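Coordinate analysis (summary)
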Amino acid sequence: MHAFDPRSAFGMPPADTPTPSPARLVHRTRAMGGRLEIHVAAPASDAFAAQQEMRRVSARVGAWAALLTRHEPTSRLMRLNADPRPRVAVGPTLAAALRWAGEASDLTGGAVDVSLLEARLRAEEGSLSEGAATDSRASALLRGERAWELSVDRRHRSGTVTRAPGVRFDLDGVAKGWLADRALARLRWPGALVDADGDIAVRAAPGEPWEIGIGDPRDDDAILGTLALPGGLVAARTYGVATSGTSVHRWGPESAARHHLIHPATGAPARSDVVQATVVAASAGEAEAYAKTIVILGAAAGLHLVERSDALGAVVLLDDGRTIALPRTSRFLA
Amino acid sequence: MRLAIAAGGVAALSALIATISAAAIPAAASVTTVKADAPADTAVVRQVTRVVKLPPGVAAPTAGTNVLVTQLPAPVAKPRTVVVTTTQSGQVVKP
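Summary of the structure given here. (Residues numbered from 1 in each chain as written. Chains lettered and ligands numbered in written order. Predicted model: local features only at pLDDT ≥ 70, side-chain atom pairs only at ≥ 80, totals over all residues.)

Moving on, we get to the overall build of chain B. Along chain B, the regular secondary structure elements total three helices and four strands. Taken from N to C terminus, the helices and strands of chain B fall in the order α-α-β-α-β-β-β. For chain B, with 95 residues in total, the buried portion stands at 24%. Pairs at least 24 apart in sequence give 67% of the contacts found in chain B among residues at least 6 apart. (Helix = DSSP H or I, 4+ residues; strand = E, 2+ residues; numbered from the N terminus. Buried ≥ 20, exposed ≤ 12 C-beta atoms within 10 Å, placed from the backbone. Contact = placed C-beta atoms within 7 Å.)

Looking now at the overall build of chain A. Scanning chain A from N- to C-terminus turns up eight helices and 15 strands. Long-range pairs, those at least 24 residues apart, make up 61% of the contacts in chain A with a sequence separation of at least 6.

This brings us to the pairing of strand β2 (residues 34-42) of chain A. Residues and elements named next belong to chain A. Both strand β1 (residues 23-31) and β2 contribute to a ladder of nine bridges, which runs antiparallel. Residue pairing for β2: His27 is matched across the bridge by Ile38. Count of turn residues in the β1/β2 antiparallel hairpin: two residues, of which Met32 carries a positive phi of about 55°. (Pairing = 2+ DSSP bridges.)

Turning our eyes to something else, we now look at helix α1 (residues 47-68) of chain A. Its 22 residues give α1(A) an end-to-end C-alpha distance of 32 Å, which sits within 8% of 32 Å, the value for a rise of 1.5 Å per residue. Contacts made by the buried residues of α1(A) are with β1, β2, α2 (76-82), α3 (92-107) and α6 (175-185) of chain A. (Expected span 1.5 Å × (residues − 1).)

Residues and elements named next belong to chain A. Strand order across the open sheet formed by three strands is β3-β5-β4, with antiparallel pairing between neighbours. Both outer strands of the open sheet, β3 (87-90) and β4 (148-153), are each paired with one neighbouring strand and no more. Sheet twist, expressed as the mean angle between neighbouring strand axes with direction ignored, is 20°. Here four bridges tie β3 to strand β5 (residues 158-163), and the two strands are oriented antiparallel to one another. Its bridge partner lying in β5, Val90 is registered against Gly159. The strands that α3 touches are β3, β4 and β5; relative to β4, the one it contacts most, it runs at about 130°. (Axes fitted to C-alpha atoms, helices over the stretch in contact; angles between N-to-C directions.)

So, on to the nonpolar core. Residues and elements named next belong to chain A. The biggest cluster of nonpolar side chains holds 103 residues, and the ones touching the most others in it are Val279, Ile294, Ala314 and Val316. Of the domains in this structure, domain 1 (25-68 + 174-331) and domain 2 (83-163) are the two that each give at least three residues to this core. Dropping the residues within four chain positions of it, Val316 is found in contact with Val274, Ala277, Ile294, Ala299, Leu303 and Ile324. (Core = buried A, V, L, I, M, F, W, Y, C linked by C-beta atoms within 7 Å. Domains from an automatic or database assignment.)

So, to be careful, I would describe these as geometric facts and stop short of saying anything about function.
Encoded structure:
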């Protein structure tokens, strides 16, 4: 006679039956001008459903990104930028993205600012010199004023943007992490990961950690370290990992190279001792915002801000070649 | 930890470093600090690294809030088991 196993009453296999580890499935495509990868840990029996879900989410990310890009004149974002009126109604997706942009600005003490498109374009063109903080926009920032506001119609999820004359938006600095978070929320599997061109939203199931390498911008085949992100004891846990730096989007000769990360107080590319910063946080949006802040403010002020935040860790490559980290990061460093 | 950092005293800082060295930092790592309330440039980092190496009881040159950091080992070859990597977005321009 067999002893009664209460697990069988809940449709669970007997205790001595090994539970098969879920397979790691991946869907790769391109979006937002870079790579988009969706990884799911699902039982082999659910592989087909998982692949379908990944394709759906991938298509949705592409649709969101098309609304928010500044590289397409017909996007919702560029229609807003082209509109001369001080108050402009915006749709739900752009309103949600701008709402997050405002929160990112608040989290980072204004270091992350999506209203600096003009300064970035001038940096790309090489027409902006360091310390050009004399225009009215920079002066307003130094007084702690935000150049724009968003009011949201909660019923219809749309919004209205009110902005100072000449303000145009660039969501490149906040959209990828935010989109990764939104995409992850649409994946129903306990273990899932969305890699939006290096900004990553991940959900780890209990006992199924995800390992994420921190890229070395000096060597494609090297990593600065590996982050092991565990699930909770009884439930899945969500993280964001994002990296920002000055090794990409550089223009001009190396001796006077300009990059895309604009310091809001100067309106010019940030002068920083940080080559690259990686942050672990509760969401990819937060991680992206904090990583940019460290690069923009420099290691001292940037890490000071992040150390006081809810961020879970930070790894920073300095311009003298050293890699440093907040001590709290050590629990994730494999 | 934050109370000790806010105090800015070298004694508290030394105790904190000892605690972190014993409890949280891998054996291969070393400790340095980053001065947080001065202008952010490379010199600041190096200046405070020097402060940390001062013997206990020697006052720091300036008062203020410090952020403790650990220094990681040199980069390593990417293991084949690591299939996801966080990177800067876009094409890296190597020096």
